[in-house]
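Structural characterization, general
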2 protein chains.
Amino acid sequence: MHTFRNIRQILTYCKLSNLLQQNLAAGVHTGRLCLKQNKLWHLGKINHVALVSPDLDKSTALYRDVLGGDVSDKQALPEHGVTTVFVKLGDTKIELLHPLGDKSPIQSFLEKNKSGGMHHICIEVDNIEEAVKDLKAKKIRILSEEPRIGAHGKPVIFLHPKDCDGVLVELEQA
Amino acid sequence: MHTFRNIRQILTYCKLSNLLQQNLAAGVHTGRLCLKQNKLWHLGKINHVALVSPDLDKSTALYRDVLGGDVSDKQALPEHGVTTVFVKLGDTKIELLHPLGDKSPIQSFLEKNKSGGMHHICIEVDNIEEAVKDLKAKKIRILSEEPRIGAHGKPVIFLHPKDCDGVLVELEQA
């Protein structure tokens with residue numbers, strides 16, 4: 001049982017308690033429990049796995065009619081050069097992408113992978129500004145100088161596949 | 001308010017209610033609500049996204065020390081020809097894979113993708129036997145005649161990438 005004398009004491013307790021919980025959550029590695037200090041950002045859940053499709057209607061039919069998934073309507077995002085369809089799976093989703101317009105960032109991927117394929121994985125972070133500082137300090141190359149507004153209207157960065165074992169990793173502000 | 005005369009009435013009500021809920025959940029597509037009949041299996045959450053790594057220690061260090069993820073110990077699975085490391089992310093995970101032994105099923109992938117890359121996506125299903133019957137009837141090619149026991153000790157099947165827009169899709173019994 002905790003007793004508090006005033007509101008300031010309660011706020012201090014809550015702040016310390018949250019900080020401790022965050023550090024404990026971040027410190028559970030390889031079966032050991034360790035308390036990390038000064039960790040200013042944390043990985044969250046997988047926001048989506050992006051697949052590039054040569055035929056969005058065919059892919060939509062696969063995930064909706066053949067596999068029975070919960071599939072969104074098609075959405076054109078001309079400012080990102082893609083048309084998207086989402087397949088909701090638990091607390092994450094598959095994002096089906098098809099190039100839109102002349103300068104689509106996924107056009108070259110589709111030319112190299114004519115049948116389509118897995119394009120990138122997007123993981124949420126709780127503080128993208130701190131993630132950028134930390135990752136730059138750790139010599140991980142980021143594909144833009146600053147976070148940009150991504151397809152979901154939130155700041156995102158992409159990490160260089162050469163620094164992530166051949167995988168294009170997107171980090172998105174949760 | 002419901003009133004029931006006997007236990008049989010209650011059981012019948014519960015069974016019908018569950019069936020209705022399952023069908024409703026399976027029937028929410030493209031913004032429309034439709035009641036599907038006789039759907040004997042359903043897609044669940046993404047169980048994992050599998051990445052092949054040319055250097056498992058380096059990849060483990062990336063996800064644990066650089067990105068601050070919750071990373072498992074290395075696990076050798078000689079019967080599956082892989083060594084694995086899991087990165088827990090929300091209710092799903094990244095599965096880092098490296099070939100083990102002479103006949104590893106991911107050896108050729110690593111030869112084609114020397115820096116590593118995204119290998120497959122695994123989605124849970126609630127009834128894999130019914131999924132197999134249904135998908136065969138829908139002319140989706142499955143890479144084994146019957147479900148096999150996968151790396152997590154549960155029955156799995158792999159769908160042919162040519163029938164899934166260039167993506168290797170694994171379905172695992174939940």
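This is a predicted model, so every value here is computed, not measured.

As a further point, take the interface of chain A and chain B. Accessible area lost during the coming together of the parts is what is often quoted as the interface size. Opposite the 54 residues of chain A that make contact, chain B presents 53 residues. For the pair chain A and chain B, the summed buried surface comes to about 4,100 Å²; carbon and sulfur atoms form 66% of the total. Linking chain A with chain B are two salt bridges, by the criterion used here. Salt-bridge contacts for Lys 58 of chain B lead to Asp 165 of chain A; the nearest nitrogen and oxygen are separated by 3.5 Å. Between chain A and chain B we count eight residue pairs in polar contact (both at pLDDT 80 or more) in total.

What follows covers the relation of the copies chain A and chain B. Superposing chain A onto chain B requires a rotation of 180° together with a translation of 0.0 Å along the rotation axis, leaving an RMSD of 0.0 Å. In short, the pair behaves as if placed about a two-fold rotation axis. Relative to the rotation axis, the C-alpha of Met 118 of chain A is the closest in chain A, positioned 3.2 Å from it. Looking at the interface residues of chain A, 98% of them are also at the interface in chain B, so both copies use one shared face.

With that settled, the discussion passes to helix 2 (residues 56-66) of chain A. Because an α-helix packs 3.6 residues into every turn, residues spaced three or four apart end up facing the same way. Among the residues of helix 2 of chain A, Leu 56, Ser 59, Thr 60, Leu 62, Tyr 63 and Val 66 of chain A are the ones counted as buried. Residues of helix 2 of chain A that are buried sit in contact with strand 3 (43-52), strand 4 (70-71), strand 6 (82-89) and strand 7 (92-99) of chain A together with helix 4 (128-137) and strand 11 (169-173) of chain B. Sitting at the amino-terminal end of helix 2 of chain A is Asp 55 of chain A, which places a side-chain oxygen 3.2 Å from the backbone nitrogen of Asp 57 of chain A. Positioned one or two residues after helix 2 of chain A, Gly 68 of chain A has a phi angle of 70°, which is positive.

Below, the discussion takes up the layout of surface pockets. Residues and elements named next belong to chain B. By volume, the second largest pocket is sized at about 560 Å³. Lining the second largest pocket are 22 residues, and of these His 80, Pro 105, Val 156, Phe 158 and Glu 170 lie nearest its centre. Ranked by residues supplied to the lining of the second largest pocket, first place goes to strand 10 (residues 155-159) with three residues. When grouped by side-chain class, the residues that make up the lining of the second largest pocket number eleven nonpolar, seven polar and four charged.

Residue and element names in this part refer to chain A. Following the criterion strictly, the structure yields zero aromatic pairs over all chains and no others. Sitting above the plane of the Trp 41 ring, Lys 39 keeps its charged end 4.2 Å from the centroid. In this structure, Lys 93 packs its charged tip against the face of Phe 86, placed 5.8 Å from the ring centre.

Right, let's get into unusual backbone geometry. Leave glycine aside and you will find that most residues have negative phi; peptide bonds, for their part, are mostly trans. Residues and elements named next belong to chain B. In this structure, Lys 139 takes a positive phi of about 65° despite not being glycine. Relative to the elements of secondary structure, Lys 139 occurs in the loop between helix 4 and strand 9 (148-149). The class for Lys 139 is exposed, based on a relative accessible area of 67%. One non-glycine residue, Asp 165, lies in the positive phi region at around 55°. Examined against the element boundaries, Asp 165 turns out to sit in the loop between strand 10 and strand 11. Exposure remark for Asp 165: the relative accessible area of 9% places this residue in the buried category.

Now for empty space enclosed by the protein. As enumerated under the stated definition, the model contains one cavity of 30 Å³ or more in all. Counted as a void, the largest cavity has a volume near 30 Å³. Together, Leu 51, Val 52, Ser 53, Ser 59, Tyr 63 and Leu 96 of chain A together with Cys 164, Asp 165 and Val 167 of chain B line the largest cavity. For the lining of the largest cavity, the secondary-structure elements that each account for two or more residues are strand 3 and helix 2 of chain A. Here the residues of the lining of the largest cavity are counted per class, giving six nonpolar, two polar and one charged.

Residue and element names in this part refer to chain B. Most of strand 7 (residues 92-99) sits out of view: six of its eight residues are buried. Pairing analysis gives five bridges linking strand 3 (residues 43-52) to strand 7, with the strands arranged parallel. Each bridged residue has a counterpart across the sheet, and for Ala 50 the counterpart in strand 7 is Glu 95. Here strand 6 (residues 82-89) runs beside strand 7; their pairing, made up of eight bridges, is antiparallel. Its bridge partner being in strand 7, Lys 88 is matched across the sheet by Lys 93. Linking strand 6 to strand 7, which pair antiparallel, is a turn of two residues; within it Gly 90 sits at a positive phi near 65°.

What follows is about the pattern of salt bridges. All names here are of chain A. For the coordinates displayed, the defined rule picks out 14 salt bridges over all chains. Across the pair Asp 65 and Arg 64 runs a salt bridge, and its minimum N-O distance is 2.9 Å. Classification of Asp 65 as partly exposed rests on a relative accessible area of 40%.

How each quantity is defined
- Residues numbered from 1 in each chain as written.
- Chains lettered and ligands numbered in written order.
- Predicted model: local features only at pLDDT ≥ 70, side-chain atom pairs only at ≥ 80, totals over all residues.
- Heavy atoms only, no water.
- Contact = heavy atoms within 4.5 Å.
- Buried area = accessible area lost by both parts, 1.4 Å probe.
- Salt bridge = Lys/Arg side-chain N within 4 Å of Asp/Glu carboxyl O.
- Polar contact = N/O pair within 3.5 Å; in protein donor to acceptor, adjacent residues only side chain to side chain.
- Least-squares fit on C-alpha atoms with pLDDT ≥ 70 in both.
- Buried < 20%, exposed > 50% of the residue type's maximum accessible area, 1.4 Å probe, protein only.
- Helix = DSSP H or I, 4+ residues; strand = E, 2+ residues; numbered from the N terminus.
- 1 Å grid on protein atoms, 1.4 Å probe; cavity = no way out; pocket = protein on both sides within 12 Å on 5 of 7 lines; lining within 4 Å.
- Points joined across faces, edges and corners; volume = space filled by probe spheres on them.
- Nonpolar A, V, L, I, M, F, W, Y, C, P; charged D, E, K, R; others polar.
- Phe/Tyr/Trp six-rings, centres within 6.5 Å; stacked < 30°, edge-to-face > 60°.
- Lys NZ or Arg CZ within 6 Å of the ring centre and 35° of its normal.
- Pairing = 2+ DSSP bridges.

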